[in-house]
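The lines below spell out each chain.
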Amino acid sequence: MSGPALVIDRLSATLRHPAEEAPPAEDRLRGPLRHVIGGRLEAALRGLRLPPGRWCLSRLDLTLPLDLTRPDLALAQDWSQAVAAAIERAVREGTGAVVHYRHDVELLADAVTGLANGRTERLWAWRQTGILRPGDPSPDASPGAAILTALGRHPEQAAAALLRAADACGLAPLDRALGRAGWQRLAAALAVPQWSEPRPGPAPEPVVHRSTRTLAAALPAGSRLASLVRETRLRPAEDTLAAWAVLLVAETDPAALYRPPRPGLPLLLADALRALTSAPERQDGTARPVPRQLPLPPPVPAEGDTRARKQDRARLSAPPAGAGAGLTDRPARPLPPAAPRDGAQALPKPRAGEGRTGPAEGPRRGHPGWAVDASGARSTVRAAAGGQPPERAPGPDPLGGTATGWAGLLFLIATAAEAGLPERALDEPALAARPLPWVLHAAGRALVPGIAADDAALLALAGLGPARAALVLGAPEPTPEEHACVHALAADWARATAVRLHDGGPDDPEGAVAAVARRSGRITAEPGWIEAHLAVADTDLAVRRAGLDLDPGWVPWLGAVVRYVYA
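Residues numbered from 1 in each chain as written. Predicted model: local features only at pLDDT ≥ 70, side-chain atom pairs only at ≥ 80, totals over all residues. Heavy atoms only, no water.

### Observations concerning the packing of aromatic side chains
Under the definition given, this model contains 2 aromatic pairs. Seen from their ring centres, Trp183 and Trp244 are 5.8 Å apart, and the 85° between their planes marks the pair as edge-to-face. Of the two residues, Trp183 is situated in helix H7 (residues 171–190) and Trp244 in helix H11 (residues 238–252); the sequence distance between them amounts to 61 residues. For the ring pair Phe411 and Tyr564, a centre distance of 4.9 Å and an interplane angle of 85° mean the geometry is edge-to-face. Of this pair, Phe411 sits in the loop between strand E5 (402–404) and helix H14 (423–427) while Tyr564 sits in strand E9 (residues 560–566), and the two are 153 residues apart along the sequence. As far as burial versus exposure is concerned, Phe411 and Tyr564 are alike and both buried. (Phe/Tyr/Trp six-rings, centres within 6.5 Å; stacked < 30°, edge-to-face > 60°. Helix = DSSP H or I, 4+ residues; strand = E, 2+ residues; numbered from the N terminus. Buried < 20%, exposed > 50% of the residue type's maximum accessible area, 1.4 Å probe, protein only.)

Here you go:
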């Protein structure tokens, strides 16, 4: 966002004057108000210095003395400056109903949490920001439908927002609100149809490759959703378990949602979640459910799994389609065939209020020095500057994050596609047992030798924060084949970065990567949102010319928005 924006639902003004004085013969406020709405207020708001994010104010009341003998433009300027100052004062002092969301994922998660819990005190803020709109399902009568409608307007953020909400309120309220049908609709919107559509009639159990079993065992270990399933002790139906399996993948390996699942993977994940819903020992003495034993393939032809995975390729360089009316209207994401590779080392190349724009009904009288009450201003403020909010929606400390000496490592996201990522990692047979975050984490360690395995920038490169680091930190050591593939990938990634940085590539790609990556900063990595905070003094012209520090925005294969913040 380039500057603050004010959205006014209603702006009303009442002109008060001494009773002993005669009122003016004309409407003296209409002209100044037109200039206020026409651009003066927008210009005044550009000078606001507020903490970054989205600010919501339910109401703003102020009294302003005006000299009505002055020209309209001068009155509009005074009026606009007074409104901007009142907004800044209300935000910093916390007067009135003020809510701060650091980013849109936090906003959407807050709405989902409130709707699931039946707490709608912030309904005005959700409607201000467009999360909910007139004509949407009632939050009181149909909270599940309202949740699905809100998530359907932001499909790329739906999984992260729902996982944040589940962490905040638990799975039980969400399960009550959504029900079986709601979970299925949500899963169908997040993944390709093969992930969530039930098969008609009985179907033979799929042949499951050993790498798929290994992957299915690894994903729950790094999942907060799996922990919530264990804590909640719900007894969900099979289709709900299948939907939760989709959410588990969205949390731990989001790139997998953009392609058909490996045979048996959804069933194995659903079985793993089912086992978590059962108590270790039942009071009635009955046995726990035993996960189904899907047939193993013959021991040699692991290439079959690779061919199945290469039948279709997801569009991992674009946001998901269908940010329209709701989850049920969202079209399936196309999966065009992958382009053939020539070899293992080849590199692929303030609006006005929705109502009256003049003064409100009431006395239109004035006199030099009489006071004007401007009330009912309902606004949403977006700002981009430092400071502390007086009140904020639930979430991590906005000044938090983790210090790192390798904040520039995230700049390599700009050259990932030139190194063949993420398709190259997803299609490599030797890496079939590893989720993409593990591959990215291992490649980062190869790119920057000596970096700590739990370095915040390295985890963020894999789309992870400290809370979900177990997915990579607790993983088994790589096999020789995996080690060779990761290092080949890292070498190509380094060369692609050096070519971009030096227009032809130096003789030392590893040194070029180190020069880009070695810079101090702080990393904030949350579900759906990753930020690297760096000092303005550390701005590098060579990096800027190469386009490495341009905000990547939504990165589908990380399942997160990535931003670089210079301050």
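### Some details on the side chain of Ser80
Its place among the elements puts Ser80 in helix H2 (residues 72–93). One polar contact links the side chain of Ser80 to the main-chain amide nitrogen of Leu41, over a distance of 3.2 Å. With near-sequence residues (within four places) excluded, Ser80 lies in contact with Val36, Arg40, Leu41 and Ala44. (Polar contact = N/O pair within 3.5 Å; in protein donor to acceptor, adjacent residues only side chain to side chain. Contact = heavy atoms within 4.5 Å.)

### Notes on unusual backbone geometry
A negative phi angle is the norm for most residues apart from glycine, just as the trans form is the norm for most peptide bonds. Cis geometry marks the peptide bond from Leu421 to Pro422; its omega dihedral reads 0°. Positionally, Pro422 belongs in the loop between E5 and H14. One non-glycine residue, Arg233, lies in the positive phi region at around 60°. Its place among the elements puts Arg233 in the loop between helix H10 (224–232) and H11.

### Here we look at helix H1 (residues 30–45)
Relative to the 22 Å expected for 16 residues at 1.5 Å per residue, H1 spans 21 Å between its end C-alpha atoms, a close match to the ideal helical length. The sharpest bend along H1 reaches about 60° and sits at Ile37. Looking at H1, one finds that the buried residues are Gly31, Pro32, Leu33, Val36, Leu41, Ala44 and Leu45. Close packing links the buried residues of H1 with strand E1 (12–15) and H2. (Expected span 1.5 Å × (residues − 1). Bend = angle between axes of the 7 residues up to and from the residue.)

### Observations regarding the environment of Leu273
Mapped onto the fold, Leu273 is located in helix H12 (residues 265–276). Since its relative accessible area comes to 0%, Leu273 is described here as buried. On a C-alpha basis, the gap between Leu273 and Ser227 in space is 9.5 Å, while along the polypeptide they are 46 residues apart. The residues contacting Leu273, other than those within four sequence positions of it, are Ala226, Val229, Leu241, Trp244, Ala245 and Leu248.

### Considering the sheet that holds strand E6 (residues 521–526)
Reading across the sheet, the 5 strands line up as E5-E6-E7-E9-E8 and stay open at both edges, with mixed pairing between neighbours. On the outer flanks of this sheet lie E5 and strand E8 (553–555), each paired with one strand and no other. With strand direction ignored, the average angle separating the axes of adjacent strands in the sheet is 25°. Bridge count between strand E7 (residues 529–534) and E9: 6 bridges; the pairing is parallel. Within E9, the residue paired with Glu531 across the bridge is Arg563. (Pairing = 2+ DSSP bridges. Axes fitted to C-alpha atoms, helices over the stretch in contact; angles between N-to-C directions.)

### A word on the confidence of the model for the protein chain
As a note on interpretation, predicted positions should not be read in detail where pLDDT is low. Averaged over every residue, the pLDDT of the protein chain is 78; the share at 70 or more is 74%. Every residue in residues 281–290 scores below 50 in pLDDT, and together they form 8 contacts with partners more than four places removed in sequence or on other chains. Low confidence marks residues 297–399, where pLDDT is under 50. Its contacts with residues over four positions away, or in another chain, come to 300 contacts. (pLDDT = per-residue confidence, 0-100.)

### Considerations on the nonpolar core
Counting residues in hydrophobic clusters, the biggest one holds 131 residues, and the most contacted among them are Trp183 and Trp493. Look past the residues within four positions of Trp493 in its chain and what remains in contact with it is Leu412, Thr415, Ala416, Ala419, Leu421, Leu440, Ala443, Leu447 and Leu461. Of all hydrophobic cores here, the second largest spans 29 residues; its members include Leu62, Leu66, Leu75 and Val91. (Core = buried A, V, L, I, M, F, W, Y, C linked by side-chain atoms within 4.5 Å.)

### Quick notes on the environment of Gly528
Checked against the element boundaries, Gly528 lands in the loop between E6 and E7. In this structure Gly528 comes out as buried when scored by relative accessible area, which is 6%. Separated by 31 residues in the primary sequence, Gly528 and Gly559 have C-alpha atoms spaced 5.9 Å apart.

### Overview of H12
Over its 12 residues, H12 extends 17 Å from the first C-alpha to the last, a length consistent with the 16 Å expected when each residue adds 1.5 Å. A large share of H12 lies buried, amounting to 9 of its 12 residues. Listed as buried for H12 are Leu265, Pro266, Leu268, Leu269, Ala270, Asp271, Leu273, Arg274 and Leu276.

### Quick look at the pairing of E7
Of all 6 residues making up E7, 5 are buried, and the element is well covered by its neighbours. Of the pairings in the sheet, the one linking E6 to E7 comprises 5 bridges and is antiparallel in character. Among the inter-strand pairings, Glu526 is bridged to a residue of E7, identified as Trp529. Between E6 and E7, which pair antiparallel in sequence order, lie 2 residues; one of them, Gly528, sits at a positive phi of approximately 85°.

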